[in-house]
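# Chain and residue survey
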Amino acid sequence: VGAAAAAATGGATSTSTPHDCSTPAVPPAPLRRLTREQYANGIKSLLGVDVATSALAADQRAGVFASNFSAAIDDLGVEQYLSMAETVAGQVGSDWTKIDACAAKADGACATTLIEKLGRRLYRRPLSAAEAARYQALYDRYGASAAGGFANGMRVVLQGMLQSPSFLYLVEPAAPAGAAQRPLTSFELATRLAAFVWNSTPDEALLDAAAADSLQNDAELKTRVQSMLADPRASATIRTFHRQWLGLEAVDALAKDPALFPDFSAEQRDAMLDETLTFADYVFRSADGKLSTLLSAPYSFPKPALFSIYGLPAGTVSDGVTPVMLDPAERAGVLTQPAFLAVNAHAKVSAPIKRGNVVLKNVLCLTTPSPPAGVKTELPDAMIPTTQREQVRQHETNPACVGCHHGMDGIGLGFEGYDAVGAFRTQDAGMAVDATGEIYGTTTIDGPFNGAVELAQKLGKSEEARGCVAQQWYRYAVGRPDAGADDCALQALRTDFNSSGGDLRALIVGIATSPGFRSWAASNPEVTP
């Protein structure tokens, strides 16, 4: 889309263009390192211990999603993983019966059994003979023939495995010479499935399915993904996706002016995040699983700390299981919940530009040009006594601003019915709130709307929003920015998702069974464990 077309659509440009899909292509798959959450979830699943991964380097980003798809480990990173391995092994202590009951005997035969079991779970495939022999030798040196005995030997073995690239990376070795692309092996597919649907590592059942090659059967793979999605462990992925997609990680550092919002506290801040993630999980796994419900349902799961923001009576029952009905004239889905509204606001006032920008980019997948060099993006302090609408209207009279801001401001002003903590309001700076807005740059929902509730309802029925959400979930699943070779896969996913009426559960199954998820181009480096 050229500059003239961009201006005509309020500065928004679509990332979607038509492609010839007669010969589907698959892009190279980067060698991804486990994210902090995948590391912690995998350790918890296998060893039953909780680890704080904040000491590890921050995850790289693929768009808005955490994915270490090209982040190298430096010397500090090596030390961090060493320290983490020692911490995990220390927490396991001397109780290895959680891995196998034979540990009660604490003998060499059991050490061999544990090495095979640990290796299979941590490497997400059976150990090679050479790998098993190397770890057996490590046990013999520090266990059977050392003062530490069985527990010490297994502790050293575990530390070694936790520092191996075969654990830290989603290893997918190179294809045979001359091959343009290849399907994932069953164990590689099991690993991708667990990382995608559970944000963790495969369990024994999934590894058994890989060993039996049942994941290569289309019908059985579909059934397996549906079963994984119904498992409580799928909540980890649902919560992580929505926290990152909506930019809610910033809740942790959220601060509001205590003079204007004396009730704002760490408890209220934490309740905001918990509410939205609980709501998303409920819609996804307990309600109808539709995008329209996620974006427009008039209910939620607020904790008591949020009752004042919602105007709920103190005796309201909110158990985190049964939805609390809200005023449908004021609330509709995730975009009208305090977490989204408060994160995308300033300490004292609302921020229509921030709110509009997130919807534009993350919900509609439309982009705006960067501001011209030298243009000041801050609104002048002298305008603070006026409404936010009056301040934002300055962009309409400034040619340097209108091209970028027309689209995001048109959406963002529809959220002016909410203050900086997400409470509904009818006045701003002593004047009646005007929450009218307008959508630009789409083919099906362009035009005016009045308030965020109407906006959410329009988005819930929008082909553009469905197409964008399908693309966002695909990015999350493959753990990298989508490339031109993904266009055919994305085109099919968008079509199917729209045809399903925005069925999110069907979308997950569709992604996990798509060629783009089950194969990759042959340009990956070989990894030596």
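Attention here is on the structure that accompanies the text. Quick caveat: nothing in here was measured; it's all calculated off a predicted structure.

### A few points about helix 5 (residues 129-144)
The periodicity of an α-helix, 3.6 residues per turn, causes residues three or four places apart in sequence to face the same way. The complete set of buried residues in helix 5 reads E131, Y135, Q136, Y139 and G143. Buried residues of helix 5, viewed axially, fall in a sector of 130 degrees; they line one side. Relative to its buried face, helix 5 has exposed residues pointing more than 90 degrees away, namely A129, A130 and R141.

### As for the pairing of strand 10 (residues 436-439)
The two faces of strand 10 differ: G437 and I439 on one face are buried, but T436 and E438 on the other face are not. Looking at chain direction, strand 10 and strand 11 (residues 447-450) are connected through four bridges and run antiparallel. The residue of strand 11 that forms the bridge with I439 is G447.

### Considerations on the pattern of salt bridges
For the structure on display, the rule yields 21 salt bridges. A salt bridge links D231 to R233; the shortest N-O distance between them is 3.1 Å. Its relative accessible area of 33% is what places R233 among the partly exposed residues. For D274, the salt bridge goes to K303, with nearest N and O atoms at 3.6 Å. Residue D274 is located in helix 12 (residues 266-285), and its partner K303 is located in the loop between strand 5 (299-300) and helix 14 (307-310); the two are separated by 29 residues in the primary sequence. For K303, a relative accessible area of 41% puts it in the partly exposed group. A single salt-bridge network, built from bridges that share partners, covers R120, E204 and D208.

### Observations regarding the packing of aromatic side chains
This model, assessed by the stated rule, comprises 19 aromatic pairs. With a centroid separation of 5.8 Å and an interplanar angle of 85 degrees, the aromatic rings of F241 and Y476 are classed as edge-to-face. Remark: Y476 occurs in helix 20 (residues 463-478) and F241 occurs in helix 11 (residues 234-245); sequence separation between them is 235 residues. Neither F241 nor Y476 differs from the other in exposure class; each is buried. Clustering of aromatic rings is evident, with ring pairs tying together F65, F196, F241, W245, F284, W473, Y476 and F517. Positioned above the aromatic ring of Y135, the side-chain terminus of R134 is 5.6 Å from the ring centre. Over the ring of W198 we find R233, and its NZ or CZ is 3.8 Å from the ring centre.

### Observations regarding unusual backbone geometry
Backbone geometry places D213, a non-glycine residue, at a positive phi of 60 degrees. Along the chain, D213 turns up in the loop between helix 9 (204-211) and helix 10 (218-230). Of the residues examined, D213 reaches a relative accessible area of 48% and is grouped as partly exposed. The backbone of C365 shows a phi angle near 55 degrees, a positive value even though the residue is not glycine. Within the secondary structure, C365 sits in the loop between helix 16 (352-363) and strand 7 (366-367). We classify C365 as buried; its relative accessible area is 7%.

### As for the state of the cysteines
Two cysteines whose sulfur atoms are joined by a covalent bond form what is called a disulfide. Considering all chains together, one arrives at two disulfides under this definition. There is a disulfide in this structure between C365 and C468, and the S-S distance comes to 2.1 Å. On the sign convention where negative means left-handed, the S-S torsion of about 75 degrees between C365 and C468 marks this disulfide as right-handed. Of this pair, C365 sits in the loop between helix 16 and strand 7 while C468 sits in helix 20, placing them 103 residues apart in sequence. As far as the burial class goes, C365 and C468 line up, both buried.

### Some points on the side chain of N199
With respect to the helices, strands and loops of the structure, N199 is situated in the loop between helix 8 (186-198) and helix 9. Within polar-contact distance, the side chain of N199 engages the side chain of E37 at 2.9 Å. A distance of 3.4 Å separates a polar atom in the side chain of N199 from a polar atom in the side chain of T240. For N199, the residues in contact, after removing those within four places along its chain, are T35, E37, Q38, N41, A194, A236, T237, T240 and Y476.

### Remarks on helix 9
Among the residues making up helix 9, those that are buried are L206, L207, A209 and A210. Around the axis of helix 9, the buried residues are gathered within 155 degrees of arc, so they sit on the same side.

### Regarding the nonpolar core
In this structure, F196 and W473 are the most contacted members of the largest nonpolar core, which totals 104 residues. Not counting the four nearest positions on each side in its chain, W473 is found in contact with F196, T237, F241, H242, F284, L504, L507, I508 and I511. Listed in part, the 40 residues of the second largest apolar core include Y39, Y81, Y135 and M154.

### Considering the packing of helix 3 (residues 75-92) against helix 6 (residues 149-162)
Axis separation between helix 3 and helix 6 bottoms out at 9 Å; the angle between their running directions is 145 degrees. Handedness of the helix 3/helix 6 crossing: right-handed. Every residue of helix 6 that contacts helix 3 at A85, E86, V88, A89 and V92 is listed here: R155, L158, Q159 and L162. Residues of the contact of helix 3 with helix 6, tallied by class, amount to six nonpolar, one polar and two charged.

Quick notes on the rules
Residues numbered from 1 in each chain as written. Predicted model: local features only at pLDDT ≥ 70, side-chain atom pairs only at ≥ 80, totals over all residues. Heavy atoms only, no water. Buried < 20%, exposed > 50% of the residue type's maximum accessible area, 1.4 Å probe, protein only. Helix = DSSP H or I, 4+ residues; strand = E, 2+ residues; numbered from the N terminus. Arc of directions from axis to C-beta. Pairing = 2+ DSSP bridges. Salt bridge = Lys/Arg side-chain N within 4 Å of Asp/Glu carboxyl O. Phe/Tyr/Trp six-rings, centres within 6.5 Å; stacked < 30°, edge-to-face > 60°. Lys NZ or Arg CZ within 6 Å of the ring centre and 35° of its normal. Disulfide = S-S within 2.5 Å. Polar contact = N/O pair within 3.5 Å; in protein donor to acceptor, adjacent residues only side chain to side chain. Contact = heavy atoms within 4.5 Å. Core = buried A, V, L, I, M, F, W, Y, C linked by side-chain atoms within 4.5 Å. Axes fitted to C-alpha atoms, helices over the stretch in contact; angles between N-to-C directions. Left-handed = near helix turned anticlockwise from the far one by under 90°. Nonpolar A, V, L, I, M, F, W, Y, C, P; charged D, E, K, R; others polar.

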